[in-house]
Amino acid sequence: MRRRHTIEPRQPRPPEVDSGQVLTHLSTLSAPASIREIAQGMELKNRGRRFLPRLIEQLRKGGEIEEIAGGRYRLPGGKAAGPKEAEASSASPKRGRDPNLVSGRIVAHRDGYGFVVPDEPMPRVEGDLFIGPDHLGDAMHGDRVLARIERRRADGRAEGRVIQILERQHPTVVGLFRYGPHGNFVLPYDMRILHEILILPGDELTGGLRQKLALGARLDPAMLRRMRLAELDGAVVDVEITRFPKAGLAPTGRVQEILGRPGEIGVDTEIIIRKHHLPHTFPEEVLAQARALPQQVDPAALSGRRDFRPLPIVTIDGETARDFDDAVYVGRLPDGGYQLQVHIADVAHYVRRDSGLDHEARLRGTSVYFPNRAVPMLPEELSSGICSLNPHVDRLVMSVVMEMDASGKMTHADFTPGVIRSRERMTYTNVNKVLEGDPEMNQRYQVLAEDFRRMKELALLLNARRHARGSIDFDLPEPVIEFDAEGRMQSILRSERNIAHRIIEEFMLAANEAVAQYLERRAIASLHRVHEKPDPRKVLEFEELAQAFGYSLGVRDLTERRVRVRHGHLQAPAKRKGGRVRPMTIALPAAEEIDIRPQHYQRLSEKIAGKPEERILSYLMLRSLKQARYGAESLGHFALATTEYTHFTSPIRRYPDLVVHRCLKLALENPAPAHASSRQTLGPYRPVELEEIAAESSEAERRADLAERDLMDWKTAQFMEQHLGEEYDALIISVQKFGFFVELTDVFVEGLVGIDRLEETTGQRCLYRERDHTIVSEPYRGTRGTAPKRIFRLGDRVRVRAERIDPLRHRVEFALI
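If you're wondering where the values come from, they're calculated on a predicted model, not measured in any experiment.

About the thresholds
- Residues numbered from 1 in each chain as written.
- Predicted model: local features only at pLDDT ≥ 70, side-chain atom pairs only at ≥ 80, totals over all residues.
- Heavy atoms only, no water.
- Helix = DSSP H or I, 4+ residues; strand = E, 2+ residues; numbered from the N terminus.
- Buried < 20%, exposed > 50% of the residue type's maximum accessible area, 1.4 Å probe, protein only.
- Contact = heavy atoms within 4.5 Å.
- Core = buried A, V, L, I, M, F, W, Y, C linked by side-chain atoms within 4.5 Å.
- Axes fitted to C-alpha atoms, helices over the stretch in contact; angles between N-to-C directions.
- Parallel < 35°, antiparallel > 145°, perpendicular 65-115°, else oblique.
- Nonpolar A, V, L, I, M, F, W, Y, C, P; charged D, E, K, R; others polar.
- Polar contact = N/O pair within 3.5 Å; in protein donor to acceptor, adjacent residues only side chain to side chain.
- pLDDT = per-residue confidence, 0-100.
- Patch = residues over 30% accessible without salt bridge, like charges linked within 9 Å, V, L, I, M, F, W, Y side chains within 5 Å.
- Areas by Shrake-Rupley, 256 points an atom, 1.4 Å probe, with all protein chains shown as cover.
- Salt bridge = Lys/Arg side-chain N within 4 Å of Asp/Glu carboxyl O.
- Phe/Tyr/Trp six-rings, centres within 6.5 Å; stacked < 30°, edge-to-face > 60°.
- Lys NZ or Arg CZ within 6 Å of the ring centre and 35° of its normal.
- Arc of directions from axis to C-beta.
- Pairing = 2+ DSSP bridges.

Novice: Quick question: what am I supposed to make of the overall build of the protein here?
Specialist: Regarding its fold elements, the protein presents 22 helices and 37 strands. Looking at the protein residue by residue over its 817 residues, the buried ones come to 50%. Taking all contacts inside the protein whose residues are at least 6 apart in sequence as the whole, residues at least 24 apart take part in 67%.

Novice: Sorry if this is basic, but what is going on with the nonpolar core here?
Specialist: Burial of nonpolar side chains together is a common tendency in soluble globular proteins. Residues Leu-340, Leu-382, Phe-452 and Phe-507 are the most contacted members of the largest nonpolar core, which totals 87 residues. Residues contacting Phe-452, with those up to four places away along its chain left out, are Val-314, Met-426, Val-431, Val-434, Leu-435, Tyr-445 and Ile-503. Of all hydrophobic cores here, the second largest spans 55 residues; its members include Val-555, Ile-616, Phe-741 and Val-800.

Novice: When you look at the packing of helix α12 (residues 428–435) against helix α15 (residues 499–521) in this model, what are you seeing that I'm missing?
Specialist: Between two packed helices, both the angle of their axes relative to each other and the distance between the axes serve to describe the pair. Close contact between α12 and α15 brings their axes to 7 Å; oriented N to C, the two are set at 110°. By the angle between their axes, α12 is roughly perpendicular relative to α15. For the pair α12 and α15, the contacting residues are Tyr-428, Val-431, Asn-432 and Leu-435 in the first and Ile-499, Ala-500, His-501, Ile-503 and Ile-504 in the second. Of the residues contributing to the contact of α12 with α15, the split by class is 7 nonpolar, 2 polar and no charged.

Novice: Can you help me understand the environment of Asp-298 in this one?
Specialist: Along the chain, Asp-298 falls in the loop between α8 (284–292) and β14 (306–307). Overall, the relative accessible area of 43% leaves Asp-298 in the partly exposed class. In this structure, the C-alpha to C-alpha distance between Asp-298 and Leu-396, residues 98 residues apart in sequence, is 9.7 Å.

Novice: Help me understand the side chain of Arg-615 in this model?
Specialist: With respect to the secondary-structure elements, Arg-615 resides in helix α19 (residues 614–624). A relative accessible area of 18% means that Arg-615 is categorised as buried. Within the structure, the side chain of Arg-615 is placed 2.7 Å from the side chain of Glu-743, a separation counted as a polar contact. Apart from the residues lying within four places of it in its own chain, the contact partners of Arg-615 are Leu-476, Pro-477, Glu-743, Phe-748 and Glu-750.

Novice: Sorry, what's going on with the confidence of the model for the protein here?
Specialist: Atomic detail in the predicted coordinates should be set aside for any region of low pLDDT. Per-residue confidence for the protein averages 87 on the pLDDT scale, and 87% of its residues sit at or above 70. Below pLDDT 50 for its whole length, residues 4–14 participates in 22 contacts with residues either more than four positions away or in separate chains.

Novice: Where do I start with a nonpolar patch on the surface in this structure?
Specialist: Taken together, Val-107, Phe-115 and Val-117 make up a surface patch of nonpolar side chains, about 190 Å² in accessible area. Positionally, Phe-115 belongs in strand β5 (residues 114–118). For Phe-115, a relative accessible area of 30% puts it in the partly exposed group.

Novice: Teacher, can you tell me more about the packing of aromatic side chains here?
Specialist: Centre-to-centre distance and the angle between the planes together describe a pair of aromatic rings. The final tally for this structure, using the stated rule, is 10 aromatic pairs. Relative to Tyr-601, the ring of Phe-542 has its centre 6.4 Å away and its plane inclined at 20°; by these criteria the two rings are stacked. Residue Phe-542 is located in helix α16 (residues 536–548), and its partner Tyr-601 is located in helix α18 (residues 598–608); the two are separated by 59 residues in the primary sequence. The class of Phe-542 is buried, set by a relative accessible area of 2%. When the centroid spacing of 6.1 Å and the interplanar angle of 90° are considered together, the rings of Phe-738 and Phe-741 count as edge-to-face. An aromatic cluster of at least three residues, connected via ring pairs, comprises Tyr-113, Phe-115 and Phe-130. Between Arg-364 and the ring centre of Phe-282, over which it is positioned, the NZ or CZ distance is 3.6 Å. Lying across the ring of Tyr-630, Arg-529 places its NZ or CZ 4.5 Å from the centre.

Novice: Is there a simple way to think about α8 in this case?
Specialist: In an α-helix, one full turn covers 3.6 residues, which means residues spaced three or four apart are oriented alike. Within α8 the residues assigned to the buried category are Val-286, Leu-287 and Ala-290. Taken around the axis of α8, the buried residues stretch over an arc of 100°, which confines them to a single face. In α8, the exposed residues that point more than 90 degrees away from the buried face are Glu-284, Glu-285 and Ala-292. Check the buried side of α8 and you find it contacts α10 (356–364) and α11 (380–386).

Novice: Please explain the sheet that holds strand β33 (residues 765–769) as it appears in this structure.
Specialist: Two pairing modes exist for strands in a sheet, parallel and antiparallel, and in both the strands are linked by backbone hydrogen bonds. Across the sheet, which stays open at both edges, the 3 strands sit in the order β33-β34-β35 with antiparallel pairing between neighbours. What marks the edges here is a single partner per strand, and that holds for β33 and β35 (791–792). Relative to β35, strand β34 (residues 774–778) runs antiparallel, the two sharing 2 bridges. When the bridges of β35 are listed, Ile-775 appears paired with Phe-792. Across the sheet, helix α22 (residues 755–762) touches β33, β34 and β35, and the angle it forms with β33 is around 135°.

Novice: Mind showing me how you'd approach the pattern of salt bridges here?
Specialist: Any two side chains of opposite charge can pair, so long as their charged atoms come close to each other. Within the structure shown, the criterion is met by 61 salt bridges. Close ionic contact of Arg-168 with Asp-143 constitutes a salt bridge, the shortest N to O distance being 2.6 Å. Here Arg-168, found in the loop between β8 (158–167) and β9 (172–178), pairs with Asp-143, found in the loop between β6 (129–131) and β7 (144–152); they are 25 residues apart in sequence, far enough to count as distant. A relative accessible area of 24% places Arg-168 in the partly exposed class. The class for Asp-143 is buried, based on a relative accessible area of 1%.

Novice: When you look at the packing of α10 against helix α21 (residues 687–721) in this model, what are you seeing that I'm missing?
Specialist: Interhelical geometry of α10 versus α21 gives an angle of 55° and a closest axis separation of 8 Å. Viewed along their axes, α10 and α21 adopt a mutual orientation that is oblique. Contact residues: α10 offers Arg-362, Leu-363 and Arg-364, while α21 offers Glu-692, Ile-693, Glu-696, Ala-700 and Arg-703. Each residue belonging to the contact of α10 with α21 can be placed in one class, and the counts come to 3 nonpolar, no polar and 5 charged.

Novice: How should the environment of Gly-336 be read in this particular structure?
Specialist: In this structure, Gly-336 sits in the loop between β16 (326–332) and β17 (338–345). Judged by its relative accessible area of 29%, Gly-336 falls in the partly exposed class. Here the alpha-carbon distance between Gly-336 and Ala-406, two residues 70 residues apart in the chain, equals 5.9 Å.

Novice: What am I meant to see in the sheet that holds strand β32 (residues 750–754) here?
Specialist: Spatially, 5 strands are ordered β30-β31-β32-β37-β36 in a closed barrel, and the strand pairing comes out mixed. Looking at each pair of strands side by side, their axes are set apart by 50° on average, direction ignored. Across 5 bridges, strand β31 (residues 739–744) lies against β32 in antiparallel orientation. Its bridge partner being in β32, Glu-743 is matched across the sheet by Glu-750. In the packing of α22 onto the sheet, contacts are made with β31, β32, β36 (797–806) and β37 (811–816), and the angle to β32 comes to roughly 60°.

Novice: Which parts of the structure should I look at to understand unusual backbone geometry?
Specialist: A negative phi angle is the norm for most residues apart from glycine, just as the trans form is the norm for most peptide bonds. Look at His-277: it is not a glycine, yet its phi comes out positive at around 55°. With a phi close to 70°, Asp-354 is a non-glycine residue in the positive phi region. The residue Asp-354 is located in the loop between α9 (347–350) and α10 in this model.

Novice: Help me understand the pairing of β31 in this model?
Specialist: Walk down a regular strand and you will see the side chains alternate between the two sheet faces. Extensive coverage of β31 is indicated by the burial of 6 of its 6 residues. Summarising the sheet, strand β30 (residues 727–736) and β31 pair through 6 bridges and their orientation is antiparallel. Within the sheet, the bridge partner assigned to Gln-736 lies in β31 and is Gly-739. Between the antiparallel neighbours β30 and β31 lie 2 residues. Two successive antiparallel strands, β31 and β32, enclose a turn made up of 5 residues.

Here it is as structure tokens:
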């Protein structure tokens, strides 16, 4: 539901105080306050003080505050404080907090309502806080807000209203520029931004357009209102917000960039980059620092480094990779064990802490990879140049040298700065061909073939040891788009994993874990990769879905309780009272009360391996787990079944890895053992800095994932637009109240079969049955249909036809055949 506005001929100056600020101030007080005390506490100036009485009266009439004796005001339901209480409150530095106030981030829906995702769990409230269309106020999607709980529902959910904007999310908005009869505006591509952005006359002209039209600084307003430029009308533009929505006034903006026309090759990627606010251009000072770096290793930098150049070290990556930050080698030990060397680009040698390069890398947090473009964390001079472990050239590295016995158990690990010269730039495909005995590849890489076979031996041993301790593996395929020479999409395929992928994965896991254990043993404050135990509610939800397929996680207390999830809250089996079924709500158990271990997931993965339902249940299992994140404390990694883990192996593309490199360097430069009591001071970063970096990096990772998924959905819709009307075999992978989602067999594409389309096909009424997550068809009332009743379940095979593309959601919609 887009909020439409017209351009006002003249806007009144907004007041210096609004209702949200007053409500927020009152929420911090533990005693009622007079208008004068409120004005003093809020430090209002002349105009704000004059407007405050009128605003207080509006809030009182609206029931948002209440007046008590003596002309004092408070939030509704508060306890009236007497003079002594008020005096004590004003003298005390501690102020009470209204339990009904919630801070968090707004997630808006295109139909006009939204939810506040709270910064911290809300007591006695399940899920997020619902905000109706009339209670969003001036908030935009993504803003951090302060909201007030207005109503608590019987099902544990709550509804509220936004009372203050704490932080704006969108300094810019990307959208379609339109000329209108009453003014110019931009329609945001993000449908969750509910406002059209007004563009005042003259603010649509970028610097380039002004130069092209030879326009001066002073422009005739009448001429501007009549101007219609072909370059702008219907173009995709990026707009700087010059005024956010306030007191019912529409937001305004200034066009700062014209990206092209919808449908042009590459414009969709530019839109996604700006929609998710990905930093994509390097400041000139950062580029200057990058260009000033040497493109060859300085011989002076080799001092104090271990020389690995004589060894046949190789990189193994995908065919399209351009930056290589890890290289590996496996040798045999005299006792029959293995020596595994993992060499990682020494980015910290070139990117000094607090330099312009470092600040930009921290801002970006991670590289972002799109189907035909990357947004790197570091400039190309580093990411593809001096830091990349390119073949046949010297490169500086941080090395982990691990010794394993014949069973793959690590017996010793060394960490050292080093220098390597990669023997070959290998691909997963070619290494796999060597290992499968391909004659051409074995002849081409005959010098390295035996090394690859040793790598395979060790990788299988490491994988077996991880499996024995309970580590979970989800080999879910990802879509891969194939392009022709002109950049047009040819097909969408499933990603394929082979033994070469497994080799690198196992070696990187071993190196990351070894570094984490060493830093923890040395009591060096560093970053950790954290994956906590799953939320009990998610476990219960998955258990119910798994039982619909005849499977179970096998957690004993879950089976004994037979708990079911209903409408977001938990219910035990119903008890009968007076002949009627009465559901009994039970308390949600804490995480530690459910003995859930990674072995439960692992055993179920083994049971479903190779079964038709493997794809679906693996996906549902993954959804039941928490999202991994970065943290300043070592809280363990549930999925990997390890107590210490970090990210060390990708400093070219992940900022946390660069931080860990600096921590490891400090530990190696100070070999004296540290005691646990010194953890707060030993290390290049203070704990508070690490917490900030962890939060920023986790957010950057989520932002990148969303952007990559967003563009893939869009690319998929564009591809399928050329195949409307075609029929496909498909698998039902999700059943919802509004229909079911399918995954095509021959093309790796997902889409929706809406319940309305089902009713058209079956000629029957279709209903969602929650108890077993199915859609059931039944004849309409008053009809005598002979068509059999149909049930659509997860895992069913169906035949569908591509019907249409939802242009707003970039979603493919199918009809059942």
